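This is what each chain is made of:
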Amino acid sequence: MVQRREPTARQMRLGLELRRLREAAGLTAVEAAALLGANRVQMSHIESGLVGVSEERVRRLASHYACTDKEFVDALVAMATDRTRGWWEEYRGLLPTSFLDLSELNHHASFRRDVAILYVPGLLQTEDYARAVFSARVPELTDDELEFRVRHRMAGQEITIPYELVIHESALRIRVSDRAASRTQLARLLELSGASNVTMRVLPFDLDGFARAASTMTYVGGPVPKLDTVVRDVPQGSAFIDSEAQLSAFRTRFRKVEAVSLDPERSRDFINRLTREL
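Cut-offs and rules
Residues numbered from 1 in each chain as written. Predicted model: local features only at pLDDT ≥ 70, side-chain atom pairs only at ≥ 80, totals over all residues. Heavy atoms only, no water. 1 Å grid on protein atoms, 1.4 Å probe; cavity = no way out; pocket = protein on both sides within 12 Å on 5 of 7 lines; lining within 4 Å. Points joined across faces, edges and corners; volume = space filled by probe spheres on them. Helix = DSSP H or I, 4+ residues; strand = E, 2+ residues; numbered from the N terminus. Nonpolar A, V, L, I, M, F, W, Y, C, P; charged D, E, K, R; others polar. Phe/Tyr/Trp six-rings, centres within 6.5 Å; stacked < 30°, edge-to-face > 60°. Buried < 20%, exposed > 50% of the residue type's maximum accessible area, 1.4 Å probe, protein only. Lys NZ or Arg CZ within 6 Å of the ring centre and 35° of its normal. Patch = residues over 30% accessible without salt bridge, like charges linked within 9 Å, V, L, I, M, F, W, Y side chains within 5 Å. Areas by Shrake-Rupley, 256 points an atom, 1.4 Å probe, with all protein chains shown as cover. Salt bridge = Lys/Arg side-chain N within 4 Å of Asp/Glu carboxyl O. Expected span 1.5 Å × (residues − 1). Arc of directions from axis to C-beta. Contact = heavy atoms within 4.5 Å. Axes fitted to C-alpha atoms, helices over the stretch in contact; angles between N-to-C directions. Parallel < 35°, antiparallel > 145°, perpendicular 65-115°, else oblique. Left-handed = near helix turned anticlockwise from the far one by under 90°. Pairing = 2+ DSSP bridges.

(A) Molecular detail of the layout of surface pockets. Each pocket or cavity is described by its volume, and for the largest pocket that value is around 1,600 Å³. Around the largest pocket, the lining comprises 48 residues; the ones closest to its centre are L102, G122, R153, D233 and S238. Taken together, the elements giving at least two residues each to the lining of the largest pocket come down to α6 (97–107), β1 (111–116), α7 (127–135), α8 (143–155), β4 (217–221), β5 (229–234) and β6 (237–241). Here the lining of the largest pocket gets six residues from one element, more than from any other, and that element is α6. Looking at the lining of the largest pocket residue by residue, the classes come out as 25 nonpolar, 15 polar and eight charged. Its boundaries defined by the atoms lining it, the second largest pocket holds a volume of some 640 Å³. Lining the second largest pocket are 29 residues, and of these R4, T8, Q11, E89 and E104 lie nearest its centre. When residues of the lining of the second largest pocket are traced back to their parent elements, those giving at least two are α1 (9–25), α5 (70–81) and α6.

(B) Region of the structure containing the packing of aromatic side chains. Within the structure shown, the criterion is met by four aromatic pairs. Measuring from centroid to centroid gives 6.2 Å for F99 and F134, while their planes differ by 35 degrees, and the two rings are tilted. One end of the pair, F99, is in helix α6; the other, F134, is in helix α7, with 35 residues separating them in the sequence. A residue is classified by how much of its surface remains accessible, and F99, at 18% relative accessible area, is buried. You can call F134 buried: its relative accessible area is 8%. Grouped by ring-pair contacts, the aromatic residues W87, W88 and Y91 constitute a single cluster. Against the face of F254 rests R113, its NZ or CZ located 5.8 Å from the ring centre. Here the basic side chain of R273 rests over the ring of F270, its NZ or CZ set 4.8 Å away from the ring centre.

(C) A nonpolar patch on the surface, seen in detail. A contiguous nonpolar patch, built from L118, Y119 and I174 and spanning about 290 Å² of accessible area, is present on the exposed surface. Within the element layout of this structure, L118 appears in the loop between β1 and α7. For L118, a relative accessible area of 47% corresponds to the partly exposed category.

(D) Structural detail: helix α12 (residues 264–277). The end-to-end C-alpha separation of α12 is 20 Å, in line with the 20 Å expected for 14 residues at 1.5 Å each. Looking at α12, one finds that the buried residues are S267, F270, I271, L274 and T275. Axial view of α12: buried residues confined to an arc of 140 degrees, hence all on one face. Of the exposed residues in α12, those oriented more than 90 degrees away from the buried face are E265 and R276. Where α12 is buried, its residues contact α9 (169–173), α10 (179–193) and β3 (198–203).

(E) Examining α7 more closely. Turning to α7, its buried residues are Y129, A130, A132 and F134. Of the surrounding secondary structure, the elements contacted by the buried residues of α7 are α6, α8, α9 and α10.

(F) Just the packing of helix α4 (residues 55–64) against α5, in detail. The interhelical angle for the contact between α4 and α5, taken along N-to-C directions, is 150 degrees, at an axis separation of 9 Å. Put simply, α4 runs roughly antiparallel to α5. Seen along the crossing, α4 lies across α5 with a hand that is right-handed. Residues E55, V58, R59 and A62 of α4 form the contact with α5, whose participating residues are V73, D74, L76, V77, A80 and T81. Looking at side-chain class alone, the contact of α4 with α5 contains six nonpolar, one polar and three charged residues.

(G) Seen up close, the sheet that holds β3. If you trace the six strands from one edge of the open sheet to the other, you get β3-β2-β1-β4-β5-β6, paired in mixed fashion. The open sheet has two edge strands with one neighbour each: β3 and β6. When the angles between neighbouring strand axes are averaged without regard to direction, this sheet yields 15 degrees. Sitting on the sheet, helix α11 (residues 244–259) touches β1, β2 (163–168), β3, β4, β5 and β6, and the angle it makes with β2 is about 65 degrees.

(H) Representation of empty space enclosed by the protein in the model. Applying the stated criterion to the full structure yields one cavity of 30 Å³ or more. In this structure, the largest cavity spans a volume of roughly 50 Å³. The wall of the largest cavity is formed by V120, Y129, A171, L172, I174, S182, Q185, L186 and L189. Listing elements by their share of the lining of the largest cavity, those giving two or more residues are α9 and α10. Residue contributions to the lining of the largest cavity peak at four residues, all from α10. Classifying every residue of the lining of the largest cavity gives seven nonpolar, two polar and no charged.

Here it is in structure tokens:
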């Protein structure tokens, strides 16, 4: 087995799910390795995403782990056998790994939900808006680093899956650049809100019931709910959250935020009004 120097988040997730199945079955890494004719170190590498695993081995392990969820096992097999080399790979070595992992996650997503409080989500940003956001980074980026980030962001904005967004008024009003850039950004939101697969809702400042439901997040749907992922911003980049308990909590959080937001039609009217004020 060829060891990977830097496994992607998707590869590590496959290994993590295999480890969770093993632990739920009450088997040690040594016992699981014996099922594959491998040793403990090799099993550790599989469960860390450091080496690949074949379809036959995934199904053999799932069988011995008494996993009867066929859709889940099929999804793990798809992860194990996927050889996609996406557009984001051209940025490997040029951008932090978290940028590439999020692009890969979006590529394989079945749906996406965002709650945005201070900034328009990257998926919807105009080039001027994205440039202003990246330019404000501390420590400052070099010109090349800035350009790579902007190019990468613009390249990953195709929305082909169901997308739900709840965006706070503060994110609509904060001028990360100038008045013209803000007007263009609001126009882009209005344009995208008309897409059949996009549902956009606004949380105005004066809406009751927001404090108990606040939570900036990106929720990305997997092929089955067990493989959903929540992405949160952290000082080092992005944190990927995938435990079933946490995923359940974030599903509830999203629905609470959604429940106190304006409906899509009133949200469009709200954004239109803000655009006219600029």
